[in-house]
Amino acid sequence: MRIAQVAPLAERVPPVRYGGTERVVYALTEELVRRGHDVTLFASGDSLTSARLASMSPRGRRLDGASDGLFYEIAMLEEVYAQANRFDLIHAHVDGLAFPFARQSDIPTVHTMHGRLDLPAQLRMLSRFPEQRLVSISRSQRLPSLHFPLNWIGTVHNGVRLQHFTLQESPSDLPYLVFLGRISPEKGPVEAIQIARRAGMPLKIAAKIDQVDKGWAEEKVIPLFDLPGIEYIGEVDEREKAELLAGAAALLFPIDWPEPFGMTMIESMASGTPVIARRRGSVEEILVDGVTGFICETDDEMVQAVGRLSEIDRAQCRRHVEMHFSAEKMTSGYEVIYERMLSEWTLPATDQVIAELFGETKIAESRTLAAIEQPQRIGSSQTQSYPS
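Residues numbered from 1 in each chain as written. Predicted model: local features only at pLDDT ≥ 70, side-chain atom pairs only at ≥ 80, totals over all residues. Heavy atoms only, no water.

Caption draft 1: Here's a closer look at the overall build of the protein chain. The secondary structure content of the protein chain amounts to 14 helices and 14 strands. In the protein chain, 65% of the contacts between residues at least 6 apart in sequence involve partners at least 24 apart. With the model as given, the accessible surface of the protein chain reaches about 17200 Å², and the carbon-plus-sulfur share is 51%. (Helix = DSSP H or I, 4+ residues; strand = E, 2+ residues; numbered from the N terminus. Contact = heavy atoms within 4.5 Å. Areas by Shrake-Rupley, 256 points an atom, 1.4 Å probe, with all protein chains shown as cover.)

See below:
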């Protein structure tokens, strides 16, 4: 298949440090290429990929401190759909931003919704495009939208490239807990610090602070970094993250929001490290309570779970990810969706009319003529660029 993968421009693909969606796009793109598909990745120019790279901005916009990412992404989508006839399908990872472009295109688009879907403005936007093909990253992600006539065509859980994470059968000689990802109210960093201290274990915090959360973090979280046993590391790269997770006794995940997926949970389990999480959003789809970690309701239960970590088989955590959350598993899920889309799309009403009037052989003739008239595809070594 000739597939366009459209990534957000906030981060490089794969991200240098923080970045969930871009890391998923990287894993999917690399596995599609390995399976022989012809993939073009629309992403920032510093992205690393074995696919054909269409550079849509010089670098990932966030680490540049840029506030103009939206304008770059709109320009990117204009470019994607200007080239649409070069592809069999387009896979967009920019939530609803691609909807108006996809509506005007004859080439099928599937949109993976990577963010939360419980905010009124998002639901209002989604309801304006009921025909767009949507994929959720967890079943729970869809719940707020169930009363809207949306075109969900599948759920595909995110996957990780297992080669980035090494199973560590036991934690570090100096056991610690870890909090990974983003410092924000809904992620629960304050609660993680309180749980670790009550459990009597050190806590390493590897997380970014977005500008929107900076004021809250300075008031509520940063003063807690000076407490005994609390170590703030900041953002980490892929190697640092893998080492940090592998050495941890557990990942603390005390979220208080409808988490659409939670990449850190599967990254932790891929390292053999169990997860102690609050029962919110996708948690019950990702973890197996008592097997790959503990699913809790309260901080008290999370403190108690720290004392039960010896019950968890770390090798089973890794096997759980291998079976359900690998890049290979995710890619197979998307291939099924792609094939279903194309089977529905490649026998349009025009073909049905031709078949009824002239017989099936005319369909083959008409498709041959259409193929001859299609523009030539981009050469395999060509990199497209968009002016910076």
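Caption draft 2: Representation of the sheet that holds strand 9 (residues 203–208). Pairing is parallel in the open sheet, where 6 strands are placed in the order 10-9-8-11-12-13. A single partner strand is all that each edge strand has here, and the edge strands are strand 10 (230–232) and strand 13 (293–296). Taking the axes of each pair of neighbouring strands and ignoring which way they run, one obtains an average angle of 20° across the sheet. Alignment of strand 11 (residues 250–253) against strand 12 (residues 275–278), held across 3 bridges, turns out to be parallel. Bridge assignment links Leu251 to a residue of strand 12, and that residue is Val275. (Pairing = 2+ DSSP bridges. Axes fitted to C-alpha atoms, helices over the stretch in contact; angles between N-to-C directions.)

Caption draft 3: Up close: the side chain of Glu259. Here Glu259 is to be found in the loop between strand 11 and helix 8 (263–270). A distance of 2.9 Å separates the side chain of Glu259 from the side chain of Lys187, its partner in a polar contact. Not counting chain neighbours up to four residues away, the residues in contact with Glu259 comprise Ser140, Lys187, Phe253, Gly281 and Ser282. (Polar contact = N/O pair within 3.5 Å; in protein donor to acceptor, adjacent residues only side chain to side chain.)

Caption draft 4: How the structure looks around the pattern of salt bridges. Here the structure, examined in full by the defined rule, presents 28 salt bridges. A salt bridge links Lys241 to Glu267; its shortest N-O distance comes to 2.8 Å. Linking Lys241 in helix 7 (residues 238–247) with Glu267 in helix 8, this pair joins segments that are 26 residues apart in sequence. By the burial criterion, Lys241 is buried, and Glu267 matches it. Between Glu311 and Arg308 there is a salt bridge, with the nearest N and O atoms lying 3.1 Å from each other. Given a relative accessible area of 47%, Glu311 falls into the partly exposed group. The structure contains a network of salt bridges with shared partners spanning Asp256, Arg279, Arg280, Glu284 and Glu297. (Salt bridge = Lys/Arg side-chain N within 4 Å of Asp/Glu carboxyl O. Buried < 20%, exposed > 50% of the residue type's maximum accessible area, 1.4 Å probe, protein only.)

Caption draft 5: How the structure looks around the confidence of the model for the protein chain. In the predicted model, the protein chain carries a mean pLDDT of 88, and 88% of its residues have values of at least 70. Counting contacts from residues 346–388, a segment whose pLDDT is below 50, to residues more than four positions away or on other chains yields 42 contacts. (pLDDT = per-residue confidence, 0-100.)

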